[in-house]
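Fold and contact review
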Amino acid sequence: MPIVPGPVRPIGVRPPSRARAFVLTFARGESPTPVTRHVLLTCDPPKGTHLDPVGACGALVSAKGDPGSLAPLSGVVCTMRYDPVTVTATGTWDGRFVRFVRTYGSGCSLYAATGAVFSFGERSPR
């Protein structure tokens, strides 16, 4: 008896349109690979493998899910030593696909620019 494919039917499950989730990565150097560390961050409610999901989600809510629009921290002073780090954020925010890649001059300048969002990587804090 021949095998006849059946009709394709939707399974009835739709991903939430307000999904807010990112895979965040940290790499030493000017390239996003090889990845040194990575975490999963989901917001609404804040959770995942991120060390501070509440702080990171709060910052991303203020930036409307755009890591490039994060408000820099005030009062953080970094040396001018060049020791680049590259971070990425890939995921969805309120139904919109987000892909962010940026290299910072040091872990400290990354922290000063992004605060809690990329605070799981190596940095020269406060």
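Residues numbered from 1 in each chain as written. Predicted model: local features only at pLDDT ≥ 70, side-chain atom pairs only at ≥ 80, totals over all residues. Heavy atoms only, no water.

**So, the overall build of the chain**
Assigned secondary structure in the chain consists of 2 helices and 5 strands. Burial status across the chain gives 36% buried among its 126 residues. If you take every contact in the chain between residues at least 6 apart in sequence, the share linking residues at least 24 apart comes to 55%. As presented, the chain carries roughly 7900 Å² of accessible surface, and 60% of it is formed by carbon and sulfur atoms. (Helix = DSSP H or I, 4+ residues; strand = E, 2+ residues; numbered from the N terminus. Buried < 20%, exposed > 50% of the residue type's maximum accessible area, 1.4 Å probe, protein only. Contact = heavy atoms within 4.5 Å. Areas by Shrake-Rupley, 256 points an atom, 1.4 Å probe, with all protein chains shown as cover.)

**Quick word on the nonpolar core**
Counting 22 residues, the largest nonpolar core has Leu24 and Phe118 as the members making the most contacts within it. Contributions of two or more residues to this core are made by strand S1 (20–28), strand S2 (37–42), helix H1 (53–62), strand S4 (85–93) and strand S5 (96–104). With 4 residues, S4 is the largest single contributor of residues to this core. If sequence neighbours within four positions are ignored, Phe118 has contacts with Leu24, Thr25, Val87, Thr88, Ala89, Phe100 and Leu110. (Core = buried A, V, L, I, M, F, W, Y, C linked by side-chain atoms within 4.5 Å.)

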